[in-house]
Amino acid sequence: MSDLAARIVTLLPGDGTPVLNRVMRVMLARELERPVPPEAYFAARDCLFAARRIGRLRGQGGRIFLMPAEGAQPPAPARRAEAALMPVLRAYLEGGFRKGLDLPPDGLCLVEDTSTKGPLKGQWARPDFVLVSAMRFRLLPGAQVDVHGFELKTESGGSVQAVHEALAQTRFTHFGHLVWHLPEGARAEARLAEVRDQCTDHGIGLIRLRDPGDPEACEILLDPVRKTTPPAVIDGFLESRLGPESRARLERMVAETRA
């Protein structure tokens, strides 16, 4: 790693707080006591991104953040309860939810666990899952790419705040979904009407997980409304969240539509 890249890593906050590119250049200039040319800075930044040492968020000047080390953040007790539901949600997204998208035979559907990817610190910056679908058109050029974010909550976690959490994540996606583990007859059902109304008001999808032992027990109560999130923001988000294999598959799909 170059000296400039090493200094970027040292200067980035350890808690994953994103830093604007222009601010990082100022910090480097103060550290080195000399100006940092843009081409040198962006070369070092891109090197760190390629090595998965940092992530980046596009738009509004662009920001970078320190990627967490593998296994560096053990889940808190509340998160452990949600973690037990993660395999159920993945099975549903790869099964029943994917079928409901009615993609063509040559369509692409990627499901990625993003609960531990992205900035450690930030207001609701980590959806539990991201689903990316892509399909080609028969007559029109290009590909339609849709990005869905899913926020998973246990029975006690379903609330108006959970809706706002799912809404905040649409800063980076086209669609936001709240997935709530709410068994039949649970006391938390008393909150269902209020949560559903909030989802309706904000265009957030609502999925009810009735039985954690059965992925097909997920019921879509509300469909989400598509957000007009800027493509540059979504592109940067996917760069930071998708694994290498998923990124390569999506890149191939998009590249083939341009050929």
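What counts and how
- Within every chain, residues take consecutive numbers counted from 1 along the sequence as written.
- Residues qualify for local features only when their pLDDT is at least 70, as the model is predicted, and side-chain atom pairs are given and counted only at 80 or more; totals for whole chains, interfaces and linings, by contrast, use all residues.
- To get the side-chain values, all heavy atoms of the structure are used, and hydrogens and water are removed first.
- Under the DSSP-based scheme used, a helix requires at least four consecutive residues in state H or I and a strand at least two consecutive residues in state E, with every element numbered from the N terminus.
- Exposure categories follow from relative accessible area, calculated using a 1.4 Å probe and restricted to protein chains: below 20% of the type maximum is buried, above 50% is exposed, and the middle band is partly exposed.
- Working rule for contacts: check all heavy atoms of both residues, and any pair within 4.5 Å makes them a contact.
- Note on areas: Shrake-Rupley with a 1.4 Å probe; residue coverage comes only from the protein chains shown.
- Only when DSSP finds a minimum of two bridges between them are two strands counted as paired.
- To get an axis, a line is fitted to the C-alpha atoms, and for a helix only the part in contact is used. The angle between two axes follows their N-to-C directions and goes from 0 to 180 degrees.
- Think of the arc as the fan of directions from the helix axis to the C-beta atoms.
- Working definition: rings of Phe, Tyr and Trp (its six-membered ring) pair if their centres are within 6.5 Å, and the pair is stacked with planes under 30 degrees apart, edge-to-face with planes over 60 apart, and tilted otherwise.
- Placement of a charge over a ring requires the Lys NZ or Arg CZ to be within 6 Å of the ring centre, with the centre-to-atom vector within 35 degrees of the ring normal.
- Any angle between 65 and 115 degrees counts as roughly perpendicular, while under 35 counts as roughly parallel, over 145 as roughly antiparallel, and the rest as oblique.
- Each residue gets one label: Ala, Val, Leu, Ile, Met, Phe, Trp, Tyr, Cys and Pro are nonpolar, Asp, Glu, Lys and Arg are charged, and the others, such as Gly, are polar.

> Go over the overall build of the protein chain, please, and point to the residues and values.
Helices and strands together make up the secondary structure of the protein chain, namely nine helices and nine strands. Burial status across the protein chain gives 45% buried among its 259 residues. Partitioning the intrachain contacts of the protein chain with sequence separation of at least 6 by distance along the chain shows that 65% fall at a separation of at least 24. Surface accessibility of the protein chain: about 13200 Å² in total, with carbon and sulfur atoms responsible for 54%.

> Just give me the short version of the sheet that holds strand 7 (residues 175–181), but keep the residues and values in it.
Spatially, six strands are ordered 4-5-6-7-8-9 in an open sheet, and the strand pairing comes out mixed. Looking at the sheet topology across the chains shown, the edges are occupied by strand 4 (108–113) and strand 9 (218–222). On average, each strand axis in the sheet is tilted by 25° relative to the strand beside it, whichever way the strands run. Judged from the four bridges that link them, strand 8 (residues 205–209) and strand 9 form a sheet pairing that is antiparallel. Residue pairing in the sheet places Leu209 in a bridge with Cys218 of strand 9. Packed onto the sheet, helix 7 (residues 192–202) meets strand 7, strand 8 and strand 9 and runs at close to 150° relative to strand 8.

> How would you sum up helix 1 (residues 3–11)? Please name residues and give values.
Residues Leu4, Ala5, Ile8 and Val9 constitute the buried set of helix 1. The buried side chains of helix 1 occupy one side of the element, clustering within an arc of 145° when seen end-on. The inward-facing, buried residues of helix 1 contact helix 2 (21–32), helix 3 (38–50) and strand 3 (63–66).

> An account of the pairing of strand 3 is needed here, citing residue identities and associated values.
Along a regular strand, successive side chains alternate from one face of the sheet to the other. In the sheet, strand 1 (residues 19–20) pairs with strand 3 via two bridges, with the strands oriented antiparallel. Each bridged residue has a counterpart across the sheet, and for Val19 the counterpart in strand 3 is Ile64. Inspection of the sheet shows strand 2 (residues 54–57) paired to strand 3 by four bridges, in the antiparallel sense. Bridging across to strand 3, Arg56 finds its partner in Ile64.

> Can you break down unusual backbone geometry residue by residue, with the values?
Its identity as a non-glycine residue notwithstanding, Glu33 has a phi of 60°, on the positive side. With respect to the helices, strands and loops of the structure, Glu33 is situated in the loop between helix 2 and helix 3. With relative accessibility at 74%, the residue Glu33 sits in the exposed group. Of note, the phi angle at Asp102 is positive, near 55°, even though the residue is not glycine.

> Quick rundown of the sheet that holds strand 2? Include the residues and the values.
Backbone hydrogen bonds are what pair the strands of a sheet, in a parallel or an antiparallel way. Judged by pairing direction, the sheet is antiparallel, and its three strands sit side by side in the order 1-3-2 without closing on themselves. What marks the edges here is a single partner per strand, and that holds for strand 1 and strand 2. Running over the sheet, helix 3 touches strand 2 and strand 3 and is turned about 115° from strand 2. Sheet strands in contact with helix 8 (residues 231–241) are strand 2 and strand 3, and its direction is about 165° off that of strand 2.

> Summarise the packing of aromatic side chains; cite the residues concerned and give the values.
The full count for this structure, using the stated rule, is four aromatic pairs. Note on Tyr41 and Phe42: the rings are 5.0 Å apart at their centroids and 70° apart in plane angle, and the pair reads as edge-to-face. Given a relative accessible area of 0%, Tyr41 falls into the buried group. Seen in terms of ring centroids, Phe97 and Phe150 are 5.3 Å apart; in terms of plane orientation they differ by 85°. Their pairing is edge-to-face. With Phe97 in helix 5 (residues 86–101) and Phe150 in strand 6 (residues 143–153), the pair connects residues that are 53 residues apart, well separated along the chain. Above the face of the Phe49 ring, Arg56 is positioned so that its terminal group lies 4.3 Å from the ring centre. If you follow Arg241 out to its NZ or CZ, it ends over the ring of Phe172, 5.9 Å from the centre.

> Now, about helix 8: what can you tell me, with residues and values included?
Counting buried residues in helix 8 gives eight out of 11 residues, a clear majority hidden from the surface. Burial in helix 8 covers these residues: Val233, Ile234, Gly236, Phe237, Leu238, Glu239, Ser240 and Arg241.

> Can you lay out the packing of helix 2 against helix 3 for me, pointing to particular residues and giving the numbers?
Remark: helix 2 packs on helix 3, axes separated minimally by 11 Å, with the N-to-C direction vectors making an angle of 110°. Judged on the interaxial angle alone, helix 3 and helix 2 are roughly perpendicular. Between helix 2 and helix 3, the residues in contact are Asn21, Met24, Arg25 and Leu28 and Pro38, Tyr41, Phe42 and Arg45, respectively. Its residues assigned to classes, the contact of helix 2 with helix 3 comprises five nonpolar, one polar and two charged.

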